[in-house]
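Examination of the molecular architecture
Spelled out from the first residue to the last, the chains are:
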Amino acid sequence: MLKVLAACGNGMGSSLIIKMKIEKVLKAMGLECEVHHASVGQAKAEAVNFDLVLVSEQLVKEFNPKGKAKIVGLINLLSEEEIRTKVEKALQ
Amino acid sequence: MIEGFELTEEFIQFYDEIDTWEDAIRYSSDPLLQKGYVRQSYIDGMIESVKEHGPYVVIAPNIALPHARPETGSVKVGYSIMKVEKPVSFTPDGNNDATFFIALSCVDATTHLEMLQRIVTVLSDQEKHDAIFEAKTKKEMIEIFNN
């Protein structure tokens, strides 16, 4: 079970969009997952409990690159193709 | 249809040019303010949130979804749409430009999720996505979002 956290500035907009998209993408990839969403502040504190953290590219710098969770930055939140490519790379 | 909200012409605006992203956020959310969907403090919250975290409201090339935490002053769930002919830059490097704005009034998690799902479905549909950028009238915009 892959634990995924979607985060954005205030946890109400892009994080929910990412959640909708990543659930779809991971399902298509045949991966079982549990997706949570949060604001950046919460996400920074909780990242350690997740395998993957997905955020807008602009927010990547707020996260510790050496932490346990892989941080994936997205430019086009609507592009399932971009999400899939980046997630596949992160999971390698 | 989102419970308690119907997209009508009053929520749609077209502009040729807006100088700053702050003004773009203010203009895009003005119908929500006028109609009592949000308070001024919520709009200030939208701007603060970009100042604090950067231009993450630009969720895809040319598309911005300004919004803030409900506790900053949202009243009812809803959204307003704005198109600007000339791209509005959120950063000087031009990497975060937007011509299409959807200002969201986020209230509680459930109705809000329904609204976002609706919007994401429209934006993810290539045909509708292209139609948005070609739309010239409020009627066309309503067709895209309500059908």
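Described below are features of the structure shown in this document. This is a predicted model, so every value here is computed, not measured. Per chain, residue numbering runs from 1 following the sequence as it is written. Numbering of ligands from 1 and lettering of chains from A proceed in the order in which they are written. In keeping with the predicted nature of the model, local features appear solely for residues at pLDDT of at least 70, side-chain atom pairs appear and are counted solely at 80 or more, and the whole-chain, interface and lining totals rest on all residues. Heavy atoms from the whole structure form the basis of all side-chain values; hydrogens and water molecules are not counted.

Another aspect to go through is the pairing of strand 3 (residues 52-56) of chain A. All names here are of chain A. Only protein chains enter the accessibility calculation, which uses a 1.4 Å probe; a residue is then buried when its area is under 20% of its type maximum, exposed when over 50%, and partly exposed in between. Helical segments are the DSSP runs of H or I of at least four residues, strand segments are the runs of E of at least two, and each set is numbered from the N terminus. With five of five residues buried, strand 3 is to be regarded as a mostly interior element. Strand pairing is assigned whenever DSSP detects at least two bridges linking the two strands. Note: strand 1 (residues 2-8) against strand 3, three bridges, orientation parallel. When the bridges of strand 3 are listed, L5 appears paired with V53. Taken together, the five bridges between strand 3 and strand 4 (residues 70-74) define a ladder with parallel strand orientation. Note on strand 4: the bridge partner recorded for V53 is I71.

So, on to the packing of helix 4 (residues 126-134) of chain B against helix 5 (residues 138-146) of chain B. Residues and elements named next belong to chain B. Relative to each other, helix 4 and helix 5 sit at 160 degrees, their axes nearing to 10 Å. Classified by the interaxial angle, the pair formed by helix 4 and helix 5 is roughly antiparallel. When the axes of helix 4 and helix 5 are compared, the crossing they make is left-handed. On helix 5, the residues touching K128, A131 and I132 of helix 4 are M141, E143, I144 and F145. Every angle, taken between N-to-C directions, lies between 0 and 180 degrees, and every axis is a line fitted to C-alpha atoms, over only the stretch in contact when it is a helix. In these notes the angle categories are as follows: under 35 degrees is roughly parallel, over 145 is roughly antiparallel, 65 to 115 is roughly perpendicular, and the rest is oblique. Here is the rule for handedness: rotate from the far helix to the near one, and if that takes an anticlockwise turn smaller than a right angle the crossing is left-handed, while a clockwise turn gives right-handed. In what follows, residue pairs with any heavy atoms lying within 4.5 Å of each other are defined as contacts.

Side-chain atoms within 4.5 Å link the members of a nonpolar core, which is a set of buried Ala, Val, Leu, Ile, Met, Phe, Trp, Tyr and Cys residues. Counting 85 residues, the largest nonpolar core has L54(A), Y79(B), F90(B), I102(B), L123(B) and F145(B) as its most contacted members. Examining the composition of this core, we find that seven residues originate from one element, helix 1 (residues 14-28) of chain A, more than from any other. Residue contacts for L54(A): discarding those within four places in its chain leaves V4(A), L5(A), A6(A), A7(A), I18(A), I22(A), V72(A), L74(A), I83(A) and V87(A).

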